[in-house]
Amino acid sequence: MNEKNEDLVNYLVEREFIRSSKVEKAFLDVDRANFVPEELKNYSYTDRPLGIGEGQTISAPHMVAMQTEFLLLEKDSKVLEVGTGSGYQAAILSRVVEEGEVHTIELIKELHEKSSEKLCEYPNVFTYLGDGSRGLPSKAPFNRIVSTGGVPEVPASWVSQLSKEGVIVAPVGEKYHQRLKRYRRTGFGIDEEDLNVPCIFVPIIGKDAFSD
Ligand code: SAH
């Protein structure tokens, strides 16, 4: 067990960013340092986003924790993550949905390749290179969809790829300022909930998101 990672997890639990034991266990299992570039390793256990190259970032641990909790994951959930980035969020998700699957799509080839190598250790994670603003139709439907980049609004394709009682969590708003929102498919349509978390994610660039 890595003591510094444990300190980070305790910090996230004390501040209630981590609220459930299954998410706590996932954070203890996955060492953030493995997903941080060599030159920034010293900052692995600080609660801030860090550059991962190509102008992109690994999100701050409290944001990863919040999105993971807001997804209301079940042990066998089939999850789509849009924006693999470093692969850290995908690794955390995979430990929470032990009997489920995590499908994660990244637009930038270099990041896709680097993260795919690291995610080899996680047998229930499947990585894809492409524009996730259209979702991932070949693997739909999904019980959960999480976006780790900001979108102007949730793309219709995500909603159509969401299974019954499915949940989407995404930062929605302007290119450099969003709010976390949660959408749930009910018997009557889609419920939208503002989670009261202002945030700054890098934008999702694509056909159904921001143009660059
Ligand atoms: N989940 C990541 C955070 C990545 S930041 C982590 O844990 O490290 C968001 C990522 O979304 C960036 O890597 C960016 O390249 C990617 N991205 C932007 N537009 C995208 C698109 N249309 N489809 C897939 N990925 C996209």
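Relevant structure appears above.
The rules behind each value
Residues numbered from 1 in each chain as written. Predicted model: local features only at pLDDT ≥ 70, side-chain atom pairs only at ≥ 80, totals over all residues. Heavy atoms only, no water. Helix = DSSP H or I, 4+ residues; strand = E, 2+ residues; numbered from the N terminus. Rg over C-alpha atoms; globule rule 2.2 N^0.38 Å. Buried < 20%, exposed > 50% of the residue type's maximum accessible area, 1.4 Å probe, protein only. Areas by Shrake-Rupley, 256 points an atom, 1.4 Å probe, with all protein chains shown as cover. Lys, Arg positive; Asp, Glu negative; His and termini not counted. Charge placed at Lys NZ, Arg CZ, Asp CG, Glu CD. Core = buried A, V, L, I, M, F, W, Y, C linked by side-chain atoms within 4.5 Å. Contact = heavy atoms within 4.5 Å. Pairing = 2+ DSSP bridges. Expected span 1.5 Å × (residues − 1). Arc of directions from axis to C-beta. Polar contact = N/O pair within 3.5 Å; in protein donor to acceptor, adjacent residues only side chain to side chain. Near = heavy atom within 4 Å.

A count of helical and extended segments in the protein chain gives six helices and nine strands. Taken over C-alpha atoms, the radius of gyration comes to 16 Å for the protein chain, in line with the 17 Å a tight globule of 212 residues would show. With respect to the principal axes defined by its C-alpha atoms, the protein chain has extents near 45 × 35 × 35 Å. Buried positions account for 50% of the 212 residues belonging to the protein chain. Summed over its atoms, the accessible surface of the protein chain is roughly 10,300 Å², and 48% of this surface lies on carbon and sulfur atoms. Across the protein chain, the mean location of the 25 positive side-chain charges is 3 Å away from that of the 34 negative side-chain charges.

Its location among the elements puts Ser147 in strand E6 (residues 142-147). Taking relative accessible area as the criterion, Ser147 reaches 0% and is therefore assigned buried. Along the chain, Ser147 and Ile105 lie 42 residues apart, while their C-alpha atoms are 10.0 Å from each other.

In this structure, Phe27, Phe35 and Tyr88 are the most contacted members of the largest nonpolar core, which totals 34 residues. Mapped by element, the contributors of at least two residues to this core are helix H1 (3-14), helix H2 (21-29), strand E1 (50-53), helix H3 (61-70), helix H4 (88-96), helix H5 (109-119) and strand E7 (162-174). Looking at which element gives the most residues to this core, the answer is H4, with six residues. Setting aside its immediate chain neighbours within four residues, Tyr88 contacts Phe27, Val30, Arg32, Phe35, Ile58 and Val64. In this structure, Val82, Tyr128, Leu136 and Leu162 belong to the second largest nonpolar core, which totals 17 residues.

With that out of the way, let us pick up the pairing of E1. Looking at chain direction, E1 and strand E2 (residues 56-58) are connected through three bridges and run antiparallel. For Leu50, the partnering residue across the bridge sits in E2 and is Ile58.

With 12 residues, H1 ought to run about 16 Å at 1.5 Å a step, and its terminal C-alpha atoms sit 16 Å apart, in line with that. Turning to H1, its buried residues number three or more, namely Asn5, Leu8, Val9 and Leu12. For H1, the angular spread of the buried residues around the axis is 95 degrees, confining them to a single face. Within H1, the exposed residues directed more than 90 degrees away from the buried face are Glu3, Lys4, Asp7 and Glu14. Packed against the buried residues of H1 are H2 and H3. At the N-terminal end of H1, a side-chain oxygen is found 2.8 Å from the backbone nitrogen of Lys4, two or three residues along, and the residue is Asn2.

Let's shift gears to the pairing of E6. Burial analysis of E6 places five of its six residues in the buried class, the great majority of the element. Here four bridges tie E6 to E7, and the two strands are oriented parallel to one another. Following the sheet pairing, Ile145 is matched in E7 by Ile168.

With respect to spatial proximity, 25 residues lie near the ligand, and among them Ser86, Glu106, Asp131, Gly132 and Ile205 are the closest. In the model, an oxygen atom of the ligand is placed 3.1 Å from a nitrogen or oxygen of the Gln89 main chain. Between the ligand and Leu107, the relevant distance is 3.2 Å, taken from a nitrogen atom to a main-chain nitrogen or oxygen of the residue. Protein burial of the ligand: of its 580 Å² of free accessible surface, 99% is covered by the chains. Those elements giving two or more residues to the shell around the ligand turn out to be E2, H4 and strand E4 (101-106).

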